[in-house]
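# What the coordinates show
So the chains spell out like this:
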Amino acid sequence: MLTAVFIAFPLVMNAQTENPRGIYKMITLTGKMGEIKAPYEQYKICTDSVTLMVTEQGSHFTIINNDHQVFNYTGEQPKSEDDKSILVYDSDEKQFKEKWWSTYEHHIHFPHNDWCIEKYESGHYTELSKYFFDAITGKSEVDNHNPLTGTWRIIGMMDELRNVKKELRNLFEQYPTSKYVDCFIVYAPKYSTMIAANKGLVDKIEFNGKKSYKVGNKTHLVKWLSKDVVAIEEKMDYRTDWLIIERVTDGTIPLAKIAGKLLLK
């Protein structure tokens, strides 16, 4: 099952000849201008089932199935002169190199019809990416003094909370086919992370007790509909809607659900 893949990354024994498994950050890029420091924030999540690429731009993160293969050790040399498949080498739980054939004609970094090499290392994060990866892998810090902290599944939106029981029933019935499938919010003491099917957003938050929290200059009221279902006030122009979220209690981590969906792409 995918869930087990992401709960723990196995350690390997033989340095630099093993399959990379874990979360790695690109450190250097060797291409048109030789070896340079990575020109952008890019990560690879390597598992037994899928290799996912994560890009970071400001507080926005994007997760895609860019490589369409599991990264297993291949060695540095292609099988033949015509073999242009991705190569993975110098690999273990701490690092790996990805060598791929570039056909870009006018890219600032990538050569045309030549190999490009990306070096990745584990244990490297920006401040925001650490919160993001902790959130999607279920490692976020928990504050027992605030019941909102933890992982929540987004169920849908309500215009008002007058007939909550009836509307909740409708939302839960529609949820399996709604646009909120595989959307999560992870609340931690200092940051919240919203994760959709292939993207995410990290914001600094300030809890104001049980009934509200603040993101930047915007305060969101919290209405507790039950122990594990709450409504979050969302003000849009002159309208007020309510975002309905349900606490995830089955042990599912966001990455397992998202990876399962991206495997099909």
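Look above for the structure.
Read on for an overview of the structure. Because the structure is a prediction, the values reported are computed rather than measured.

### Thoughts on the overall build of the protein chain
- Looking only at helices and strands, the protein chain features 4 helices and 17 strands.
- When its C-alpha atoms are laid out on the principal axes, the protein chain stretches across 70 × 35 × 35 Å.
- Across the 265 residues of the protein chain, 45% fall into the buried class.
- For the protein chain, the share of sequence-separated contacts (at least 6 apart) that also reach a separation of at least 24 residues comes to 54%.
- As presented, the protein chain carries roughly 14,400 Å² of accessible surface, and 49% of it is formed by carbon and sulfur atoms.
- Across the protein chain, the 34 positively charged side chains and the 36 negatively charged ones have centroids separated by 7 Å.

### Considering helix α3 (residues 164-174)
- Regarding α3, the residues found buried are Val-164, Leu-168 and Leu-171. For α3, the angular spread of the buried residues around the axis is 65 degrees, confining them to a single face. In this structure, α3 carries Lys-165 and Glu-173 as exposed residues pointing more than 90 degrees from its buried face.

### Section: the packing of aromatic side chains
- Taken as a whole, this structure holds 14 aromatic pairs when the rule is applied.
- Between the aromatic rings of Tyr-24 and Phe-96, the centroid separation amounts to 4.9 Å while the plane-to-plane angle is 85 degrees, which identifies the pairing as edge-to-face. Placement of the pair is Tyr-24 in strand β1 (residues 22-31) and Phe-96 in strand β7 (residues 95-102), with a sequence separation of 72 residues.
- A relative accessible area of 0% means that Tyr-24 is categorised as buried.
- Each ring, one from Trp-152 and one from Trp-224, has its centre 6.1 Å from the other, and the planes form 70 degrees; the classification is edge-to-face. Note that Trp-152 is positioned in strand β9 (residues 150-158) and Trp-224 in strand β15 (residues 218-224), a separation of 72 residues in sequence.
- Residue class for Trp-224 comes out partly exposed when judged on its relative accessible area of 23%.
- Taken together, the ring pairs in this structure connect Tyr-43, Phe-61, Tyr-125, Phe-132 and Phe-133 into an aromatic cluster.
- Positioned above the aromatic ring of Trp-101, the side-chain terminus of Lys-84 is 3.8 Å from the ring centre.

### Some points on the nonpolar core
- Residues Leu-148, Tyr-187, Ile-232, Ile-244 and Ile-245 are the most contacted members of the largest nonpolar core, which totals 26 residues.
- Listing elements by their share of this core, those giving two or more residues are β9, α3, β10 (184-187), β16 (229-236) and β17 (239-247).
- The contact partners of Ile-245, leaving out residues within four places of it in the chain, are Trp-152, Arg-153, Ile-154, Ile-155, Ile-185, Tyr-187, Asp-228, Val-229, Val-230 and Ile-232.
- Counting residues in each nonpolar core, the second largest holds 20 residues, with Tyr-43, Phe-61, Tyr-191 and Ala-259 among its members.

### A short note on the environment of Ile-86
- For Ile-86, the position within the fold is in the loop between β5 (60-64) and β6 (87-89).
- For the pair formed by Ile-86 and Leu-221, sequence separation is 135 residues and the distance between their alpha carbons is 49 Å.
- Not counting chain neighbours up to four residues away, the residues in contact with Ile-86 comprise Asp-67, Gln-69, Phe-71, Thr-74, Glu-98, Lys-99 and Trp-100.

Cut-off values and rules
Residues numbered from 1 in each chain as written. Predicted model: local features only at pLDDT ≥ 70, side-chain atom pairs only at ≥ 80, totals over all residues. Heavy atoms only, no water. Helix = DSSP H or I, 4+ residues; strand = E, 2+ residues; numbered from the N terminus. Buried < 20%, exposed > 50% of the residue type's maximum accessible area, 1.4 Å probe, protein only. Contact = heavy atoms within 4.5 Å. Areas by Shrake-Rupley, 256 points an atom, 1.4 Å probe, with all protein chains shown as cover. Lys, Arg positive; Asp, Glu negative; His and termini not counted. Charge placed at Lys NZ, Arg CZ, Asp CG, Glu CD. Arc of directions from axis to C-beta. Phe/Tyr/Trp six-rings, centres within 6.5 Å; stacked < 30°, edge-to-face > 60°. Lys NZ or Arg CZ within 6 Å of the ring centre and 35° of its normal. Core = buried A, V, L, I, M, F, W, Y, C linked by side-chain atoms within 4.5 Å.

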